[in-house]
Amino acid sequence: MKRPNRILLLPLVLILAVALVVPAALAQQRRLVTIASGWVVGVYYPLAGAMSRIVYKVKDLNLRATVESSGASVANAQLIGTGDADFALLQNDIAFYAYNGVTLSAFKDKPIKNMGAVFTIYPELVHAVATKASGIKSVTELKGKKVVLGPHGSGTEANALQILEAYGVKESDLGRAERIDAAVAADQLKDGRVDAAFFTTGLGSAVILDTFIGGKVALVPLAGAEAQALIKRFPFYTSVKVPANTYKDQAEASTVAVMAMMVARSDLPEDLVYRFTKAIFDDLKQFHAAHSAAQNLTLETALNGNPIPLHPGAAKFYKEKGILR
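This structure is a prediction, so every number in the text was calculated from the model and none was measured.

Asks: Help me out: how do you make sense of the overall build of the chain in this one?
Replies: Each helix and strand counted, the chain has 11 helices and 10 strands in total. When burial is assessed residue by residue, the chain has 49% of its 325 residues classed as buried. Look at the contacts in the chain between residues 6 or more apart in sequence, and 75% of them connect residues 24 or more apart. For the chain, the accessible surface area stands at approximately 15000 Å², while carbon and sulfur atoms represent 57% of it.

Following this line, the structure appears as structure tokens:
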């Protein structure tokens, strides 16, 4: 009589064992989040990759961040707005336009309010690059030329149009305006198929380095009264220098820059964004190694140029560090 009882008890033991194992396995599953970055040849992509690797190593964060290549700033703001991205890198001017629903047609009267700042990282320089064969030495000399303004709806395009306006140049004054991505623009500059192109990207970006390899291009300076008028009208801009030989045989040049920043969806849990932010600042050494532009991020500079409200999780972190009251 005792033997059948043992047989009946065996399935019960197995059920209890499975019941204990399954929750433990489920607890180990990492939450998946996405980081919208930018061109693979730009700066956003390696920075997002570094953040992904950093947060993956933090066991109690239990997070896996996938990096998505995208059309950069404007597209990234829209991905946050639709909930198709959890974190995103974008320019601070675009973040302001998106949050407030102003200036750009992509956002006008369509504000993206579900977006909170995490930190600002580095200046994004507007590189106006022209072929030496074109003879272009100033923005006014772009009239009648074939010029790449950046991908349609991108932050680069917005910067290019604002700069043209500051110098009294209309889009209709150009010989032809192209809206193509950075890698294609670089190839067309090298082949002489376009005369000039705008790129908004970090100092030493791979795409600009590649464009200068053949020695056939030069930077068009963005300076003087026109640049100061641009900065006065759009306070996101600042004047910066491009040191000589940052790119092959390149002379020192003045230009303007905005700030690259990290944002998060406002509805992401406060604790998740807090621990994400903490993870990055706890391992700045690895983040700084991702790209020279990353070295600009420090705890003391993390809020420089931030134009929108902080995500509550990020705010909690900065309050703990005494950066925010």
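From this point, the discussion proceeds with the structure in view.
Asks: How should I be thinking about the environment of Ile 323 in this particular structure?
Replies: Relative to the assigned elements, Ile 323 resides in the segment after α11 (312–320). Residue Ile 323 is classed as partly exposed on the basis of its relative accessible area, which comes to 32%. Taking the C-alpha atoms as reference points, Ile 323 and Leu 303, separated by 20 residues in sequence, lie 8.7 Å from one another. Those residues within four positions of Ile 323 in sequence are excluded, and the remaining contacts are Leu 299, Leu 303 and Tyr 318.

Asks: Even after reading the chapter, I still don't get the packing of helix α2 (residues 44–57) against helix α9 (residues 270–282), so can you show me in this structure?
Replies: Geometry of a packed helix pair, given as the angle between the helix axes and the separation of the axes. Running from amino to carboxyl end, α2 crosses α9 at an angle of 105°, the nearest separation of the two axes being 9 Å. Relative to α9, α2 is oriented roughly perpendicular. On α9, the residues touching Met 51, Ile 54 and Val 55 of α2 are Phe 276, Ala 279 and Ile 280. Looking at the contact of α2 with α9 residue by residue, the class counts come to 6 nonpolar, no polar and no charged.

Asks: Explain the packing of α9 against α11 to me, please; I cannot follow it from the model alone.
Replies: Packing of α9 against α11 leaves a shortest axis separation of 7 Å and a crossing angle of 50°. In terms of their interaxial angle, α9 and α11 are classed as oblique. Here α9 and α11 pass one another in a crossing that is right-handed. Of the residues in α11, those in contact with Glu 270, Val 273, Tyr 274, Thr 277, Lys 278 and Phe 281 of α9 are Pro 312, Gly 313, Ala 314, Lys 316, Phe 317, Tyr 318 and Glu 320. Along the lines of polarity and charge, the residues of the contact of α9 with α11 split into 7 nonpolar, 2 polar and 4 charged.

Asks: Explain the pairing of strand β2 (residues 63–68) to me, please; I cannot follow it from the model alone.
Replies: The two faces of a sheet get side chains in turn, since along a regular strand they alternate between them. Here strand β1 (residues 31–36) pairs with β2 via 6 bridges, running parallel. Along β2, the bridge assignment pairs Arg 31 with Leu 63.

Asks: Help me understand the confidence of the model for the chain, please; the structure alone is not making it clear to me.
Replies: Interpretation of this model should avoid reading the predicted coordinates in detail wherever pLDDT is low. On average, residues of the chain carry a pLDDT of 90, and 91% of them reach 70 or more. Contacts from residues 6–27, a stretch scored under 50 in pLDDT, to residues over four places away or in other chains number 2 contacts.

Asks: For this particular structure, what's the right way to read the nonpolar core?
Replies: Generally speaking, soluble globular proteins have nonpolar side chains that are buried together. Ranked by size, the top nonpolar core spans 47 residues in total, and within it Phe 107, Met 115, Val 139, Leu 142, Ile 163, Phe 198 and Val 256 carry the most contacts. Those elements giving two or more residues to this core turn out to be α3 (73–82), β3 (87–91), α4 (92–100), β4 (115–131), α5 (155–166), β7 (196–202), α8 (224–233) and β10 (253–265). Among the nonpolar cores identified, the runner-up in size contains 40 residues, and Ala 48, Met 262, Leu 284 and Leu 299 belong to it.

Asks: Got a minute to help me understand the layout of surface pockets in this structure?
Replies: Taking a probe equal in size to a water molecule and rolling it over the atoms shows the remaining empty space. The space that makes up the largest pocket amounts to roughly 300 Å³. Leu 104, Ser 105, Glu 157, Ala 158 and Leu 161 are the residues nearest the centre of the largest pocket, which is lined by 15 residues in total. Partitioned by chemical class, the residues of the lining of the largest pocket number 6 nonpolar, 6 polar and 3 charged.

Asks: Where do I start with empty space enclosed by the protein in this structure?
Replies: Inspection of the entire model under this criterion finds 2 cavities of 30 Å³ or more. If you add up the space inside the largest cavity, you get close to 110 Å³. Lining the largest cavity are 14 residues, with Trp 39, Tyr 44, Ala 72, Glu 124 and Thr 200 sitting closest to its centre. At the level of secondary structure, the elements contributing two or more residues to the lining of the largest cavity comprise α5 and β7. Class assignment of the residues belonging to the lining of the largest cavity gives a composition of 4 nonpolar, 9 polar and 1 charged. What lines the second largest cavity is simply Val 126, His 127, Ala 128, Leu 219, Val 220, Val 242, Ala 253, Ser 254 and Thr 255. Within the residue set of the lining of the second largest cavity, elements represented by two or more residues are β4 and β10.

Basis of the calculations
Residues numbered from 1 in each chain as written. Predicted model: local features only at pLDDT ≥ 70, side-chain atom pairs only at ≥ 80, totals over all residues. Heavy atoms only, no water. Helix = DSSP H or I, 4+ residues; strand = E, 2+ residues; numbered from the N terminus. Buried < 20%, exposed > 50% of the residue type's maximum accessible area, 1.4 Å probe, protein only. Contact = heavy atoms within 4.5 Å. Areas by Shrake-Rupley, 256 points an atom, 1.4 Å probe, with all protein chains shown as cover. Axes fitted to C-alpha atoms, helices over the stretch in contact; angles between N-to-C directions. Parallel < 35°, antiparallel > 145°, perpendicular 65-115°, else oblique. Nonpolar A, V, L, I, M, F, W, Y, C, P; charged D, E, K, R; others polar. Left-handed = near helix turned anticlockwise from the far one by under 90°. Pairing = 2+ DSSP bridges. pLDDT = per-residue confidence, 0-100. Core = buried A, V, L, I, M, F, W, Y, C linked by side-chain atoms within 4.5 Å. 1 Å grid on protein atoms, 1.4 Å probe; cavity = no way out; pocket = protein on both sides within 12 Å on 5 of 7 lines; lining within 4 Å. Points joined across faces, edges and corners; volume = space filled by probe spheres on them.

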